[in-house]
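# Chain and residue survey
Below, each chain spelled out in residue letters.
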Amino acid sequence: VTYAVVAYTVTAVTLVAYGIYLAREAAGLARDAAARERGEETNPG
Amino acid sequence: MSEERLRRESRMRSPADLLRGPERIAARAVRPTGIALAVLLPVYAWSVASAPQAVGQGVWQKILYLHPPLAFDAYLGFFLTGLGGLLYLWTRREHFDRLAIASAGVGVVYCSLVLVTGAIWGKAAWNNWWAREDPRLTLTAVLWFVYLAYIMLRAFNQGGEREARIAAVYGILGVLLIPLNYYVIDLAGGRAAHPANLERDSIGSGLRLPFFLGLATWLLTFLHLLARRWVVQALRATAARRQAEARPLGEEYA
């Protein structure tokens with residue numbers, strides 16, 4: 001059981017973490033773009 | 001601040017409103033694919049849990065519903081990198097170059113998982129994390145390194161048309177490894193540790209439903225992540241372009 005559980009867990013955790021990273025990155029970039037539209041200072045990073 | 005302006009600004013925060021063409025479609029695909037995934041995942045989990053155990057094998061055999069689907073999607077990611085590069089060379093439209101970058105990124109994540117889940121399966125089935133005599137293991141590692149190098153090439157350079165052209169050719173050449181990786185079991189003529197490639201009716205009837213649900217679930221996950229990754233790449237390009245436009249004339253020579 002352990003091998004299968006480890007394989008499924010590693011896959012799920014990796015893909016969920018990658019999805020969260022991409023969602024946060026997209027939200028940050030979209031927020032910066034909206035702030036730039038308003039002419040505010042944005043974080044260059 | 002007027003209500004109309006507030007509404008306009010909140011709309012501007014949506015990535016789909018900042019992008020055009022196929023990248024806008026990708027941004028709009030994120031939510032429906034996520035919802036479809038939320039529906040499909042419990043069905044897949046149930047089918048894996050309730051699938052009968054193959055004769056003479058342990059529960060580890062259920063990695064069958066994970067490892068090959070991940071491998072097919074890694075192939076798809078690298079194929080799309082080559083296709084994006086080819087379309088970029090043909091049309092010079094930057095969104096194809098960004099598709100190539102995005103699919104290489106998701107492909108490498110999937111290929112990493114193929115290597116990890118394969119090693120776990122190998123340990124369970126052969127008592128060996130890495131069967132060095134198996135040509136598919138070696139070729140999968142080579143494929144992983146080839147596209148990891150592609151990602152590094154794109155990440156550590158300044159961008160621009162020349163880099164995109166070189167990367168497109170590299171990405172297209174890398175695709176040649178995919179059929180070799182798939183058919184190497186046949187070419188090895190019984191010397192490979194991997195079982196023969198799956199063929200029609202080669203999976204027992206009780207194992208088919210979880211296997212095909214696995215194919216659908218991990219493909220949908222791949223498409224969801226690819227849409228997200230493509231959107232990020234497009235937003236980064238938009239931000240870089242706007243910063244370049246905002247820079248006063250001559251600043252680059254300062």
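Located above this text is the structure these notes cover.
Structure report, in brief. By convention here, each chain's residues receive numbers from 1 onward along its written sequence. Written order determines the labels here, with chains lettered from A and ligands numbered from 1. Where totals are concerned, whole chains, interfaces and linings use all residues; where local detail is concerned, this predicted model gives features only for residues with pLDDT of at least 70, and gives and counts side-chain atom pairs only at 80 or more. Hydrogens and water are ignored here; the side-chain numbers use all heavy atoms of the structure.

## A closer look at the overall build of chain B
How we decide: Helical segments are the DSSP runs of H or I of at least four residues, strand segments are the runs of E of at least two, and each set is numbered from the N terminus. In this scheme, a residue with accessible area under 20% of its type's maximum is buried, one over 50% is exposed, and one in between is partly exposed, where area comes from a 1.4 Å probe on protein chains only. Any two residues having at least one pair of non-hydrogen atoms within 4.5 Å are treated as being in contact. Accessible areas in this description were obtained via Shrake-Rupley with a 1.4 Å probe; residue shielding takes into account the shown protein chains only.
Across its full length, chain B carries nine helices and zero strands. Going from N to C terminus, chain B has its helices and strands arranged as α-α-α-α-α-α-α-α-α. Looking at chain B residue by residue over its 254 residues, the buried ones come to 47%. Sequence separation of 24 or more characterises 75% of the internal contacts of chain B that already satisfy a separation of 6 or more. Carbon together with sulfur atoms contributes 62% to the accessible area of chain B, which is approximately 13,600 Å² in total.

## Some points on the pattern of salt bridges
Residue and element names in this part refer to chain B. Put simply, the rule is: Salt-bridge detection follows one rule: a side-chain nitrogen of Lys or Arg within 4 Å of a carboxyl oxygen of Asp or Glu.
Under the defined criterion, the tally for this structure stands at seven salt bridges over all chains. As a salt-bridge pair, Arg154 and Asp97 come within 2.8 Å of each other at their nearest N and O atoms. One end of the pair, Arg154, is in helix H6 (residues 135–155); the other, Asp97, is in helix H5 (residues 94–126), with 57 residues separating them in the sequence. Grouping residues by exposure puts Arg154 and Asp97 together as buried. The salt bridge partner of Glu163 is Arg154, with a shortest N-O separation of 2.8 Å. In this structure Arg154 comes out as buried when scored by relative accessible area, which is 12%. What you see here is one network of salt bridges that share partners, running through Glu23, Glu94 and Arg98.

## What to know about the interface of chain B and chain A
So the rule is basically this: The term buried area means the drop in 1.4 Å probe accessible area that two parts suffer when joined, counted for both and summed.
Opposite the 37 residues of chain B that make contact, chain A presents 26 residues. Between chain B and chain A, the buried area comes to about 2,700 Å², and carbon and sulfur atoms account for 75% of it. Our count for the contact surface shared by chain B and chain A stands at one salt bridge. Two residues, B:Arg236 and A:Glu25, come together in a salt bridge whose shortest N-O distance is 3.1 Å.

## Some points on the packing of helix H3 (residues 21–50) of chain B against helix H9 (residues 205–246) of chain B
When two helices pack together, their arrangement is captured by the angle between the axes and the distance separating the axes. All names here are of chain B. Here is the rule: A fitted line through C-alpha atoms serves as each axis, taken over the contacting stretch for helices, and the angle formed by two N-to-C directions is quoted from 0 to 180°. We call two directions roughly parallel when the angle between them is under 35 degrees, roughly antiparallel when it is over 145, roughly perpendicular when it lies between 65 and 115, and oblique otherwise. It is the rotation of the near helix from the far one that decides the hand of a crossing: anticlockwise by less than a right angle makes it left-handed, clockwise makes it right-handed.
The N-to-C vectors of H3 and H9 enclose an angle of 155°; their axes lie 8 Å apart at closest approach. When the axis of H3 is compared with that of H9, the two are roughly antiparallel. As for the relative orientation of H3 and H9, their crossing is left-handed in sense.

## A look at the environment of B:Leu80
Residue and element names in this part refer to chain B. Structurally, the position occupied by Leu80 is in helix H4 (residues 67–91). A sequence separation of 27 residues divides Leu80 from Gly107, and the C-alpha atoms of the two residues are 9.1 Å apart. The residues touching Leu80, leaving out its near neighbours within four places in the chain, are Ala100, Ser103, Phe222 and Leu226.

## Things to note about unusual backbone geometry
Look at B:Arg92: it is not a glycine, yet its phi comes out positive at around 60°. With respect to the element layout, B:Arg92 can be found in the loop between H4 and H5.

## Description of H4(B)
The cut-off we apply is this: Here a helix's expected span is defined as the number of its residues, less one, multiplied by 1.5 Å.
The end-to-end C-alpha distance of H4(B), which contains 25 residues, comes to 36 Å, matching closely the 36 Å that a straight helix rising 1.5 Å per residue would cover. Looking one or two places after H4(B), you find B:Arg92, whose phi comes out positive at around 60°.

## A look at the packing of aromatic side chains
To describe a pair of aromatic rings, you give the distance between the ring centres and the angle between the ring planes. Residues and elements named next belong to chain B. For clarity, the threshold we go by: By convention, a stacked pair of Phe, Tyr or Trp rings (six-membered ring in the case of Trp) has centres within 6.5 Å and planes under 30 degrees apart, an edge-to-face pair has planes over 60 apart, and any other such pair is tilted.
According to the stated counting rule, one finds 10 aromatic pairs over all chains in the structure shown. Between the aromatic rings of Tyr44 and Trp218, the centroid separation amounts to 5.8 Å while the plane-to-plane angle is 90°, which identifies the pairing as edge-to-face. On the criterion of sequence distance, the pair formed by Tyr44 in helix H3 and Trp218 in helix H9 is long-range, its members being 174 residues apart. Trp218 matches Tyr44 in its accessibility class, with the two residues each being buried. Ring centres of Tyr150 and Tyr170 lie 6.4 Å apart, and the angle between their planes is 25°; this geometry places the pair in the stacked category.

## Observations regarding helix H8 (residues 177–188) of chain B
Residues and elements named next belong to chain B. Defined as follows: The arc in question is the one traced by the directions running from the helix axis out to the C-beta atoms.
The end-to-end C-alpha separation of H8 is 15 Å, in line with the 16 Å expected for 12 residues at 1.5 Å each. Looking at H8, one finds that the buried residues are Leu177, Ile178, Asn181, Val184, Ile185 and Ala188. One side of H8 holds all its buried residues, which, seen down the axis, span an arc of 145°. Elements that come into contact with the buried residues of H8 comprise H4, H6 and helix H7 (161–174). With its phi angle positive at about 60°, Gly189 sits one or two positions after the end of H8.

Everything listed here is a matter of coordinates, which is why it stays silent on function.
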